[in-house]
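The primary structure of each chain is shown beneath.
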Amino acid sequence: MPVRLGWSGKSEKDRSVAATHEHAETQATRRDFIYIATGAVGVVGTTAALWPFVSQLAPDQATLAAGAPVEVDIAPIPVGQEIKIFWRGKPIYIRHRTPEEIKAAEDVDVASLKDPQPDSDRVKPGKAEWLVITGICTHLGCVPLGYQGEYKGWFCPCHGSVYDTSGRIRQGPAPTNLPLPPYAFQSDTRIVVG
Ligand code: FES
């Protein structure tokens with residue numbers, strides 16, 4: 001039974017939420033990074049009216065430790081923004097990619113990559129706008145930051161690894177692409193991670 005992450009702003013019965021919003025502004029677009037701590041209790045913080053609350057049915061700690069699947073409502077994530085959830089204690093980025101981000105990822109000469117992998121192998125068929133990756137740098141395990149670095153994918157501040165909009169390693173010491181967690185679409189607006 002997956003843990004459900006909702007976005008309605010209403011608390012769900014006897015369980016509560018943990019969510020932290022962060023956002024970074026670029027000249028053109030505000031990026032909201034939403035941090036959903038599946039194991040914590042209570043609203044940790046909010047910054048943007050766009051995301052008043054994130055609510056979920058939180059499992060007990062034992063269930064979390066066992067790695068219960070996490071169900072996420074992705075409908076409220078605007079194009080050009082991403083959220084971060086936690087599954088099995090790992091940060092998982094869910095990015096709603098723009099057509100430009102998709103094109104940049106698809107136009108790369110795959111043979112030129114350190115860890116050659118076409119973008120189509122990193123998204124679900126027909127769902128190129130959604131990229132779901134594990135946010136752990138493959139160098140030494142830091143959490144890379146979204147929308148930073150030359151390719152506006154992710155940038156790892158620890159030793160400078162740069163990932164593109166497909167989460168593939170493009171510069172720096174990381175040896176491989178950001179991993180893909182197991183996930184599936186339940187519908188056009190819901191995914192289950194795990
Ligand atoms: S841990 Fe990311 S570059 Fe070293």
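Refer to the structure printed above.
Okay, so let's go over this structure. (Residues numbered from 1 in each chain as written. Predicted model: local features only at pLDDT ≥ 70, side-chain atom pairs only at ≥ 80, totals over all residues. Heavy atoms only, no water.)

### Section: the pattern of salt bridges
Okay, step 1: In this structure the tally under the stated criterion is eight salt bridges.
Okay, step 2: Between Arg190 and Glu71 there is a salt bridge; the shortest N-O distance is 3.1 Å. Of this pair, Arg190 sits in strand 14 (residues 190-193) while Glu71 sits in strand 5 (residues 70-73), and the two are 119 residues apart along the sequence.
Okay, step 3: Among the residues examined, Glu71 registers a relative accessible area of 4% and is labelled buried.
Okay, step 4: Here Glu82 makes a salt bridge to Arg95, at a shortest N to O gap of 2.9 Å. Taken as a pair, Glu82 in strand 6 (residues 81-87) and Arg95 in strand 7 (residues 90-96) lie far apart in primary sequence, 13 residues in all. Each member of the pair, Glu82 as well as Arg95, carries the same accessibility label: buried. (Salt bridge = Lys/Arg side-chain N within 4 Å of Asp/Glu carboxyl O. Helix = DSSP H or I, 4+ residues; strand = E, 2+ residues; numbered from the N terminus. Buried < 20%, exposed > 50% of the residue type's maximum accessible area, 1.4 Å probe, protein only.)

### Considering the nonpolar core
Okay, step 1: Residues Val72, Ile74, Ile85, Ile94, Ile191 and Val193 are the most contacted members of the largest nonpolar core, which totals 14 residues.
Okay, step 2: Of all the secondary structure elements, the ones that give two or more residues to this core are strand 5, strand 6, strand 7, strand 8 (130-134) and strand 14.
Okay, step 3: Element by element, the count of residues in this core is highest for strand 6, at three residues.
Okay, step 4: If near-sequence neighbours (up to four positions away) are discounted, Val193 is found in contact with Pro69, Val70, Ile85, Trp87, Ile92, Pro181, Pro182 and Tyr183.
Okay, step 5: Cys137, Ile169, Ala174 and Leu178 belong to the second-largest nonpolar core, a separate cluster that totals twelve residues. (Core = buried A, V, L, I, M, F, W, Y, C linked by side-chain atoms within 4.5 Å. Contact = heavy atoms within 4.5 Å.)

### Section: the side chain of Arg95
Okay, step 1: Among the residues examined, Arg95 registers a relative accessible area of 0% and is labelled buried.
Okay, step 2: Polar side-chain contacts of Arg95 include one of 3.3 Å to the side chain of Glu101.
Okay, step 3: In this view, Arg95 contacts Gln81, Glu82, Glu101, Glu129, Trp130, Leu131, Gly146, Tyr147, Lys152, Gly153, Trp154 and Thr165; residues no more than four positions away in its chain are not counted. (Polar contact = N/O pair within 3.5 Å; in protein donor to acceptor, adjacent residues only side chain to side chain.)

### So, the state of the cysteines
Okay, step 1: Applying the stated criterion to the full structure yields one disulfide.
Okay, step 2: Here Cys142 connects covalently by a disulfide to Cys158, the sulfurs 1.9 Å from one another. On the sign convention where negative means left-handed, the S-S torsion of about -95° between Cys142 and Cys158 marks this disulfide as left-handed. With Cys142 in the loop between strand 8 and strand 9 (145-146) and Cys158 in the loop between strand 10 (154-155) and strand 11 (162-163), this pair connects stretches of sequence that are 16 residues apart. (Disulfide = S-S within 2.5 Å.)

### Topic: unusual backbone geometry
Okay, step 1: In this structure, Arg88 takes a positive phi of about 55° despite not being glycine.
Okay, step 2: With phi around 55°, Lys152 is a residue other than glycine that occupies positive phi space.
Okay, step 3: Note on placement: Lys152 falls in the loop between strand 9 and strand 10.

### Examining the pairing of strand 6
Okay, step 1: Most of strand 6 is tucked away: six of the seven residues are buried.
Okay, step 2: Where strand 6 lies against strand 7, seven bridges are found, and the strand directions are antiparallel. Considered in strand 7, the bridge of Lys84 is made with Tyr93.
Okay, step 3: Linking strand 6 to strand 7, which pair antiparallel, is a turn of two residues; within it Arg88 sits at a positive phi near 55°. (Pairing = 2+ DSSP bridges.)

### Quick word on the environment of Arg170
Okay, step 1: Among the structural elements, Arg170 can be located in strand 12 (residues 169-171).
Okay, step 2: The sequence separation of Arg170 and Leu113 amounts to 57 residues, and the corresponding C-alpha distance is 6.8 Å.
Okay, step 3: Those residues within four positions of Arg170 in sequence are excluded, and the remaining contacts are Val108, Leu113, Tyr151, Val162, Tyr163 and Asp164.
Okay, step 4: Side-chain polar atoms of Arg170 contact the side chain of Asp164, separated by 3.0 Å.

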